[in-house]
Amino acid sequence: MKLIGLAIALSAAVMTPAVAVAPQINDTQSAGQPVGQSVGTQVAEGAVPAADAPATATTATPAFPQTPATPGVGMPTAQRLGLQEQYTNLGQRAASFHNGPLLWMCVIISLFVLVLLAYTMFRFRRGAGHEPSRTSHNTLLEVVWTLVPVLVLVAIAIPSIRLLAAQYSPPPADLTIKVVGHQWYWSYQYPDNGGFEIVSNMLKEKGDPTLKPGERFRTDADGPAMLATDERLVIPAGKVVKFLITSEDVIHSFAVPAFWTKMDANPGRVNQDWVKVDRPGVYFGQCSELCGARHGYMPIAVEVLPEAQFNAWLASKGGTPKGAAPAAAPAPAAAPAAEAAPPAAIEQPALTQPATAQN
Ligand SMILES: [Cu+2]
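Residues numbered from 1 in each chain as written. Predicted model: local features only at pLDDT ≥ 70, side-chain atom pairs only at ≥ 80, totals over all residues.

Chemist: Break down the overall build of the chain for me, citing the residues and quoting the values.
Modeler: Scanning the chain from terminus to terminus reveals six helices and 10 strands. In the chain, once contacts between residues fewer than 6 apart in sequence are set aside, the share between residues at least 24 apart is 67%. (Helix = DSSP H or I, 4+ residues; strand = E, 2+ residues; numbered from the N terminus. Contact = placed C-beta atoms within 7 Å.)

Structure follows, in structure tokens:
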């Protein structure tokens, strides 16, 4: 019998690696092959627009000098634990709630339960000859272990709901910007400033083999690798900026961690979010919804400028400050197109055409 048992054990030992390896091979085949294929096909399908979009956008060097990114500000940093430093009032409130009461409550409750469990397991173990208690109902105990969790939840819910309410009741907007997600880049439209559009693509690294001759590559001033973009979303400092967020194709998500901002960009639907950033600088985010093969290559770079510089940037893009005479912007655009043509009729399409063509 012992021999038969040994034989079974031996054959099991011999079989196990084979069985264990078999699914691995299948896994790598089933996981690797179709993903490789689907990536291939998706890239192949998307190659024409994806390759075209960066090419048109990156060949032009920025006319307006870009603010250099500050290391460690508005970007993830190595070895850092926890949330990024917050630069909006709402973000600061939410982060201090998370890092303060919420985290401590989690730590204290977890430790309390762990200690209680360990003590019970050790003190009342069968090996020590403990007689199990036959207590079945204890009104006081039941009231206490129902009430305490309810109080804990209420203590968490009140500040959470206050924060949510603040997030969803924005102050009147000083500026509205339309954010559109595309596979795989972002575009930003400025309807209050003449309706021009910015197309923002990720900057490639210097040694990237797909870098075309003369194409701009990332430098440290642009920001960290995979987060720096050729064109940035530029907003004025100290102003309430409303984002109308939507998508052209699939679900993307507009997220800038340093602003406590994350909002889905759904095709056929407009979501709203807002920020008010007082500190000028550059802040980085990413698309935060798995949106396709190049999901990881659609960063968001936000440049916050003092108002005077923001207006200068607007002018460099052919835009005008909100509320300024709209005639200022079309004039230079119309000049090369039609010199003596009647102004209103021709200027309008001349201004809107580049925006729709990029879509
Ligand atoms: Cu996306």
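Don't stop here, the text continues.
Chemist: Talk me through the nonpolar core; I want residue IDs and the actual numbers.
Modeler: It is characteristic of soluble globular proteins that their nonpolar side chains tend to be buried jointly. Membership of the largest hydrophobic core comes to 48 residues, with the highest contact counts inside it found for Val179, Leu233, Phe259, Tyr283, Ile300, Ala301 and Val302. In terms of residues, this core owes the most to one element, strand 10 (residues 299-305), which gives five residues. Apart from the residues lying within four places of it in its own chain, the contact partners of Leu233 are Tyr188, Ile198, Ser200, Ile300, Ala301 and Val302. (Core = buried A, V, L, I, M, F, W, Y, C linked by C-beta atoms within 7 Å. Buried ≥ 20, exposed ≤ 12 C-beta atoms within 10 Å, placed from the backbone.)

Chemist: Please provide a residue-by-residue account of the sheet that holds strand 3 (residues 196-200), values included.
Modeler: Here we have five strands laid out as an open sheet, ordered 3-2-1-5-8, and mixed in their pairing. The open sheet has two free edges, formed respectively by strand 3 and strand 8 (271-276), since each of these has just one partner strand. Across this sheet, the average inter-strand angle for adjacent strands is 25°, counted without regard to direction. (Pairing = 2+ DSSP bridges. Axes fitted to C-alpha atoms, helices over the stretch in contact; angles between N-to-C directions.)

Chemist: Give me the lowdown on helix 4 (residues 307-316), citing residues and values where you can.
Modeler: Within helix 4 the residues assigned to the buried category are Phe310, Trp313 and Leu314. Buried residues of helix 4, seen end-on, are gathered within an arc of 105° and therefore sit on one face of the element. Buried residues along helix 4 sit against strand 4 (233-236) and strand 10. Of the residues one or two after helix 4, Gly318 is the one with positive phi, at around 80°. (Arc of directions from axis to C-beta.)

Chemist: Would you mind going over the environment of Arg294 in detail, with residue names and values included?
Modeler: Tracing the sequence through the fold places Arg294 in the loop between strand 9 (281-287) and strand 10. Accessibility expressed as a C-beta count within 10 Å gives 17 for Arg294, which makes it partly exposed. Each C-alpha atom, one on Arg294 and one on Tyr185, is 9.2 Å from the other, the two residues being 109 residues apart in sequence.

Chemist: How would you sum up the packing of helix 2 (residues 89-123) against helix 3 (residues 139-168)? Please name residues and give values.
Modeler: Direction vectors running N to C along helix 2 and helix 3 enclose 170°, while the axes themselves pass 11 Å from each other. In terms of axis orientation, helix 2 runs roughly antiparallel to helix 3. When helix 2 is examined against helix 3, the residues Leu90, Arg93, Ala94, Phe97, Leu102 and Met105 are found in contact with a partner set consisting of Val152, Ile156, Pro159, Leu163, Ala166 and Gln167. (Parallel < 35°, antiparallel > 145°, perpendicular 65-115°, else oblique.)

Chemist: Lay out unusual backbone geometry with the relevant residues and their values.
Modeler: Omega for the bond connecting Gln183 with Trp184 falls within 30 degrees of zero, at 0°, which places this linkage in the cis form. Relative to the helices and strands, Trp184 is located in the loop between strand 1 (175-182) and strand 2 (185-190). Although it is not a glycine, Met226 adopts a positive phi angle of roughly 75°. If you check the backbone angles, Trp260 has positive phi at about 60° while not being a glycine. Of note, Trp260 is situated in the loop between strand 6 (252-256) and strand 7 (261-265).

Chemist: I'd love a proper account of the sheet that holds strand 6, names of residues and values included.
Modeler: As summarised here, the arrangement of the five strands in space is 4-10-9-6-7, forming an open sheet in which the pairing is mixed. Strands at the two margins of the open sheet, each flanked by one partner only, are strand 4 and strand 7. For this sheet, the mean angle separating the axes of adjacent strands, direction not counted, is 25°. Relative to the sheet, helix 4 contacts strand 4 and strand 10, its axis offset from that of strand 4 by approximately 140°.

Chemist: Explain helix 2 residue by residue, including any values.
Modeler: One full turn of an α-helix is made of 3.6 residues, so residues set three or four places apart face in the same direction. Along its 35 residues, helix 2 runs 50 Å from first to last C-alpha, staying within 8% of the 51 Å computed at 1.5 Å per residue. By the largest-angle criterion, Leu102 marks the main kink of helix 2, which is about 35°. The element helix 2 is largely exposed, with a buried count of two among its 35 residues. (Expected span 1.5 Å × (residues − 1). Bend = angle between axes of the 7 residues up to and from the residue.)

Chemist: Break down the environment of Tyr190 for me, citing the residues and quoting the values.
Modeler: Relative to the helices and strands, Tyr190 is located in strand 2. Note on Tyr190: 22 C-beta atoms within 10 Å, which makes it buried. Put simply, Tyr190 and Lys322 are 132 residues apart on the chain and 9.6 Å apart in space, counted from C-alpha to C-alpha. Sequence-distant contacts of Tyr190, defined by excluding residues within four places in its chain, comprise Ile177, Gly195, Phe196 and Gly319.

Chemist: How would you summarise the environment of Phe310 if you had to cite specific residues and measurements?
Modeler: Tracing the backbone through its elements, the reader meets Phe310 in helix 4. Remark: the alpha-carbon pair of Phe310 and Pro321, spanning 11 residues in sequence, is separated by 8.6 Å. Among residues more than four places away in sequence, those in contact with Phe310 are Val234, Pro236 and Leu305.

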